[in-house]
Amino acid sequence: MAADLTGTYLTLDDGRSAVRFSRIYDHPVERVWQLVTDADELVRWFPSRAEIELRPGGTITFSGDPNMPESTGRVLAVDAPRHLSFEWGGDELHFDLEELDEKRTRFTLTNVLEAADTASRNGAGWEVCLAALDATARGERSAGPHAGTSASWKEFYAGYVEAGVPSGASVPGLD
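Under the Sequence similarities (unreviewed entry) heading, UniProt states for the chain: "Belongs to the AHA1 family."

Peer 1: How would you sum up the overall build of the chain? Please name residues and give values.
Peer 2: When its secondary structure is counted, the chain shows 4 helices and 8 strands. Starting at the N terminus and walking to the C terminus, you meet the elements of the chain as β-β-α-α-β-β-β-β-β-β-α-α. The burial tally for the chain puts 45% of its 175 residues in the buried class. Partitioning the contacts of the chain with sequence separation of at least 6, the portion at a separation of at least 24 is 51%.

Peer 1: Could you give me a rundown of the pattern of salt bridges, with the residues and numbers involved?
Peer 2: Scanning the entire structure with this criterion turns up 12 salt bridges. Ionic pairing is found between Glu53 and Arg55, a salt bridge with its closest N-O pair at 2.8 Å. Here Arg104 ties to Asp101 by a salt bridge, and the two come within 3.2 Å at their closest N and O atoms. On the basis of relative accessibility, which here comes to 33%, the residue Arg104 falls in the partly exposed class.

Peer 1: Give me the lowdown on the UniProt feature "domain: Activator of Hsp90 ATPase homologue 1/2-like C-terminal" (unreviewed entry) in the chain, citing residues and values where you can.
Peer 2: Mapped onto this numbering, the UniProt entry gives "domain: Activator of Hsp90 ATPase homologue 1/2-like C-terminal" (unreviewed entry) at residues 26-136. In the segment residues 26-136, helix accounts for 28% and strand for 40%; the C-alpha atoms at its two ends are 12 Å apart.

Peer 1: So, the sheet that holds strand E6 (residues 83-88): which residues are in play, and what are the values?
Peer 2: Pairing in this open sheet of 8 strands is antiparallel, and the strands run E1-E2-E8-E7-E6-E5-E4-E3 from one edge to the other. Each having just a single partner strand, strand E1 (8-11) and strand E3 (49-52) make up the two edges of the open sheet. Neighbour-to-neighbour, the strand axes of this sheet turn through a mean angle of 25°, independent of strand direction. By the bridge criterion, 6 bridges tie E6 to strand E7 (residues 91-101) in an arrangement that is antiparallel. Its bridge partner being in E7, Leu84 is matched across the sheet by Phe95.

Peer 1: Any chance you could break down the nonpolar core for me, citing the residues and the numbers?
Peer 2: One finds Trp45, Phe46, Phe86, Phe95, Phe107 and Trp126 to be the most contacted residues of the largest nonpolar core, which totals 34 residues. Elements represented by at least two residues in this core include exactly strand E2 (17-25), helix H1 (29-37), E3, strand E4 (59-63), E6, E7, strand E8 (104-112) and helix H3 (119-137). For this core, the leading source of residues is H3, giving 7 residues. When neighbours within four sequence positions are excluded, Phe95 is seen to be in contact with Val36, Trp45, Phe46, Arg82, His83, Leu84, Phe86, Phe107, Thr108 and Leu109. Within the second largest apolar cluster, 6 residues are counted, among which are Ala3, Val128, Tyr157 and Val171.

Peer 1: Could you give an account of the packing of aromatic side chains, naming the residues involved and the relevant values?
Peer 2: Tallying each qualifying case throughout the model produces 13 aromatic pairs. An angle of 85° between the planes, with centres 6.4 Å apart, marks the rings of Trp45 and Phe107 as edge-to-face. Linking Trp45 in the loop between helix H2 (39-42) and E3 with Phe107 in strand E8, this pair joins segments that are 62 residues apart in sequence. Chaining the aromatic ring pairs together yields one cluster made of Tyr25, Trp45, Phe46, Phe62, Phe86, Trp88, Phe95, Phe107 and Trp126.

Peer 1: Report on unusual backbone geometry, specifying residues and quantitative values.
Peer 2: Cis geometry marks the peptide bond from Ala80 to Pro81, where omega comes out at -10°. Locating Pro81 in the fold gives a position in the loop between strand E5 (71-79) and E6.

Peer 1: Give a detailed account of the side chain of His94, specifying residues and quantitative values.
Peer 2: Position of His94 relative to the elements: it lies in strand E7. At 2.9 Å, the side chain of His94 forms a polar contact with the side chain of Glu92. Beyond its immediate chain neighbours, meaning those up to four positions away, His94 contacts His83, Leu84, Ser85, Thr108, Leu109, Thr110 and Val112.

Peer 1: How would you summarise H3 if you had to cite specific residues and measurements?
Peer 2: Between its first and last C-alpha atoms H3 spans 26 Å; for 19 residues at 1.5 Å apiece the expected length is 27 Å, and the two agree. Along H3, 16 of the 19 residues are buried, which leaves the element largely enclosed by surrounding structure. Downstream of H3 by one or two residues, Gly139 has phi in the positive range, about 85°.

Thresholds applied
- Residues numbered from 1 in each chain as written.
- Predicted model: local features only at pLDDT ≥ 70, side-chain atom pairs only at ≥ 80, totals over all residues.
- Heavy atoms only, no water.
- UniProt positions renumbered as here; feature names shortened; annotations may be inferred.
- Helix = DSSP H or I, 4+ residues; strand = E, 2+ residues; numbered from the N terminus.
- Buried < 20%, exposed > 50% of the residue type's maximum accessible area, 1.4 Å probe, protein only.
- Contact = heavy atoms within 4.5 Å.
- Salt bridge = Lys/Arg side-chain N within 4 Å of Asp/Glu carboxyl O.
- Pairing = 2+ DSSP bridges.
- Axes fitted to C-alpha atoms, helices over the stretch in contact; angles between N-to-C directions.
- Core = buried A, V, L, I, M, F, W, Y, C linked by side-chain atoms within 4.5 Å.
- Phe/Tyr/Trp six-rings, centres within 6.5 Å; stacked < 30°, edge-to-face > 60°.
- Polar contact = N/O pair within 3.5 Å; in protein donor to acceptor, adjacent residues only side chain to side chain.
- Expected span 1.5 Å × (residues − 1).

Here you go:
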């Protein structure tokens, strides 16, 4: 059975490659902002624990990801509760929140890639992470992005490769 891919591979106006995901959550924008910026919420779905100094130029400390060493990033932009972007491991992550009405928010994640050949790998990883975010937003427990062999990232990875999304970068756990 083929994976249901929700990400889109694109080339930005400045020529950089990116993968983009969009979801609609039945929560006010302030709640979704909390899911994106609060370390205790992020740890439930983001690949690393992320302690964010929420200001342009602020530091983000990433820890707890079994596939990456502890590291730091830099906040690029903040417009609470609508936009957050930061550097992470050579990539940029952009989180955009659009209030659709008092109870619903469109969440868009754009992962601007340092290298195009990471698109399939990162797309597969975000599928798993965003499934955990979806569960968290519904108030359900989730194994999170590091569910081990029960995570379906390999299926997503194969789906992205089959769809012609650039691949070839090292994949932790496969290489």
